[in-house]
Amino acid sequence: MFKKILIANRGEIALRIHRACKEMGIATVAVHSTADAHAMHVRMADESVCIGPPPATQSYLSVPNIISACEITGAEAIHPGYGFLSENAAFVQIVEDHGLTFIGPTSEHIRLMGDKITAKETMRDLGVPCVPGSDGGVPTLAAAQRVAGEVGFPLIVKATAGGGGRGMKLARGPEDLAQAFQTARSEAKAAFGNDEVYLERYLGRPRHIEIQVFGDGKGHAVHLGERDCSLQRRHQKVFEEAPSPVIDAATRARIGKICAEAVARINYAGAGTIEFLYEDGEFFFIEMNTRLQVEHPVTEAIYDVDIVQEQIRVAAGLPMSFTQDDLVPAGHAIECRINAERLPQFTPSPGRIRTYYAPGGLGVRMDSAIYDGYVIPPYYDSLIGKLIVHARTRDLALARLRRALSELIIDGVDNTMPLFHALLDEPDLQSGRYDIHWLEKWLARES
Ligand code: MV4
């Protein structure tokens, strides 16, 4: 096992990784920008290294500075968390070239899934159900029109190098296709330096359901069920739950087995998430994420596993600590993302926290790195905490969430707590009847 791990991230996830390391008897190295000198992850870590000025490009994304921090401290492995360098195949290559271990999948798997066309082809060939659409890239408008003739409308044009909602254009009918195709291409070129696009049938009212998978890199893999992440605003998740209100045990076992077998076949290592759109009882693969996800705690709650500790084990060459038969979900978990943002526009609201009080009690988990007097810097994303509740049933989890939210105090900066109080009063949320467009429509009505 590793003796020392460098955590190449900040905020709540840096602290989350530190906690996993400590329970495993592993020393931690925090890295930080000058803006994060007083951050909790820096204070908790066994050692810390300042890696640059506030802009992430010069600190949390600086590969030479992070590699140097490993060499200075003798850290043997790097945990990237989410965002930043977590899905950067070139970084993984450099880490390995320096004799260090990247805690995550291989650079080849990251590259494969980063290209959305090769990801989809790979998944299709492995038996994972995909959205009907073009066979690979669509180079010309004439080719797009041919695909449209086969697949029908509405269609969505997606950038091969995109993902997470970036570089998508909808064509509702034939009259929209030329514009959608050209705009998607030029936006993809500008955003990613790659103008390749592909076409898919547009699903009108799906849910976003993702399957957590975990592989040992040696042909064994398991699934840890699904998360329902349909409640999103501008492609940012807001509220996630597991299990999904619309997935039963038989359906979970069926799609889970397909996903686990797929990642086993490619010798995938570590945690991964296979994203689906789910409509009318059918799953359609859209993307695979090769990182630890923000919302992993809801899966941890119902499966009683520590996903970060498992990532570290597998990166160290140890076998997984469970088999599929060991993984039996219990109860229901919900996560609310608390952002330092001012409603109703979700305007970033950095500044000093005057009072912070974290809720507690049975089935309540607060993942946050804030504290009384902490100053939220303006340079990074606005996530300041995740409130996760777990209870025996969905109704009990909702009641527990309401109770925990009422205990949570964050004074000094505007934040998204009031959104969750309001959402909990909505019958559609209480009944679990929502799709990927529900939240945006509700927000438009409320404001
Ligand atoms: C789609 C779609 C409808 N049909 N693909 C947006 C993020 C990216 N991961 C995939 N996205 C979508 N792909 C087809 N064929 C609708 C969306 C989409 C969406 C997906 C998940 C969660 C929220 C969303 C909000 C708008 C659009």
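Refer to the structure printed above.
Residues numbered from 1 in each chain as written. Predicted model: local features only at pLDDT ≥ 70, side-chain atom pairs only at ≥ 80, totals over all residues. Heavy atoms only, no water.

(A) Local environment of the site of the ligand. In the vicinity of the ligand lie 18 residues, with Lys-158, Glu-200, Arg-201, Leu-203 and Glu-287 positioned nearest. Arg-201 has a polar backbone atom sitting 2.7 Å from a nitrogen atom of the ligand. At 3.0 Å from a nitrogen atom of the ligand is found a side-chain nitrogen or oxygen belonging to Glu-287. For the ligand, whose free accessible area comes to 520 Å², the fraction covered by protein is 92%. Listed by contribution, the elements that provide at least two residues to the shell around the ligand are strand 6 (155-163), strand 8 (197-201), strand 12 (269-279) and strand 13 (282-289). Across the shell around the ligand, the residue classes tally to 8 nonpolar, 5 polar and 5 charged. Residues lining the shell around the ligand come from more than one domain, with at least three contributed by each of domain 2 (132-201) and domain 3 (207-446). (Near = heavy atom within 4 Å. Polar contact = N/O pair within 3.5 Å; in protein donor to acceptor, adjacent residues only side chain to side chain. Areas by Shrake-Rupley, 256 points an atom, 1.4 Å probe, with all protein chains shown as cover. Helix = DSSP H or I, 4+ residues; strand = E, 2+ residues; numbered from the N terminus. Nonpolar A, V, L, I, M, F, W, Y, C, P; charged D, E, K, R; others polar. Domains from an automatic or database assignment.)

(B) Up close: the pattern of salt bridges. Under the counting rule described, the total for this entry stands at 30 salt bridges. The closest approach of N and O atoms between Asp-280 and Arg-205, which form a salt bridge, is 3.3 Å. Of the two residues, Asp-280 is situated in the loop between strand 12 and strand 13 and Arg-205 in the loop between strand 8 and strand 9 (207-216); the sequence distance between them amounts to 75 residues. Exposure class is identical for Asp-280 and Arg-205. Each is exposed. A salt bridge links Arg-313 to Glu-310, with the shortest nitrogen-to-oxygen separation between them at 4.0 Å. Of this pair, Arg-313 and Glu-310 both sit in helix 11 (residues 307-315), 3 residues apart, which is roughly one turn of the helix. Connected via shared salt-bridge partners are Glu-210, Arg-227, Lys-237, Glu-240, Glu-295, Glu-335 and Arg-337. (Salt bridge = Lys/Arg side-chain N within 4 Å of Asp/Glu carboxyl O. Buried < 20%, exposed > 50% of the residue type's maximum accessible area, 1.4 Å probe, protein only.)

(C) Focus on the side chain of Thr-73. By secondary structure assignment, the location of Thr-73 is in helix 3 (residues 63-73). Here the side chain of Thr-73 touches Ala-69 through a polar contact of 2.7 Å, landing on its backbone oxygen. Here the side chain of Thr-73 touches Ala-75 through a polar contact of 3.5 Å, landing on its backbone nitrogen. Once residues lying within four places of it in the same chain are set aside, the contact partners of Thr-73 are Lys-4, Val-29, Glu-47 and Val-49. (Contact = heavy atoms within 4.5 Å.)

(D) Representation of the layout of surface pockets. The space that makes up the second largest pocket amounts to roughly 290 Å³. As for the second largest pocket, its lining consists of 15 residues, of which Pro-344, Gln-345, Phe-346, Leu-443 and Ser-447 are closest to the centre. Among the elements of the structure, helix 13 (417-423) and helix 15 (438-446) are those that each provide at least two residues to the lining of the second largest pocket. A total of 5 residues in the lining of the second largest pocket trace back to one element, the largest contributor, which is helix 15. Of the residues contributing to the lining of the second largest pocket, the split by class is 9 nonpolar, 2 polar and 4 charged. (1 Å grid on protein atoms, 1.4 Å probe; cavity = no way out; pocket = protein on both sides within 12 Å on 5 of 7 lines; lining within 4 Å. Points joined across faces, edges and corners; volume = space filled by probe spheres on them.)

(E) A look at helix 1 (residues 11-23). With 13 residues, helix 1 extends 19 Å between its outermost C-alpha atoms, agreeing within 8% with the 18 Å of an ideal straight helix rising 1.5 Å per residue. Counting buried residues in helix 1 gives 10 out of 13 residues, a clear majority hidden from the surface. For helix 1, the complete set of buried residues consists of Gly-11, Glu-12, Ile-13, Ala-14, Leu-15, Arg-16, Ile-17, His-18, Ala-20 and Cys-21. (Expected span 1.5 Å × (residues − 1).)

(F) Representation of the sheet that holds strand 4 (residues 77-79) in the model. Strand order in the open sheet formed by 5 strands is 3-2-1-4-5, and the pairing between neighbours is parallel. Two strands lie at the open edges of the sheet, namely strand 3 (47-52) and strand 5 (101-102), each paired on one side alone. Alignment of strand 1 (residues 4-7) against strand 2 (residues 27-33), held across 4 bridges, turns out to be parallel. Across the sheet, Lys-4 pairs through a bridge with Ala-27, a residue of strand 2. (Pairing = 2+ DSSP bridges.)

(G) Just the state of the cysteines, in detail. In this structure the tally under the stated criterion is 0 disulfides. Unpaired in terms of disulfides, Cys-21 finds its nearest cysteine sulfur in Cys-70, a separation of 12 Å. On the basis of relative accessibility, which here comes to 0%, the residue Cys-21 falls in the buried class. We note that Cys-130 lacks a disulfide partner, and the nearest cysteine sulfur, in Cys-259, lies 10 Å from it. (Disulfide = S-S within 2.5 Å.)

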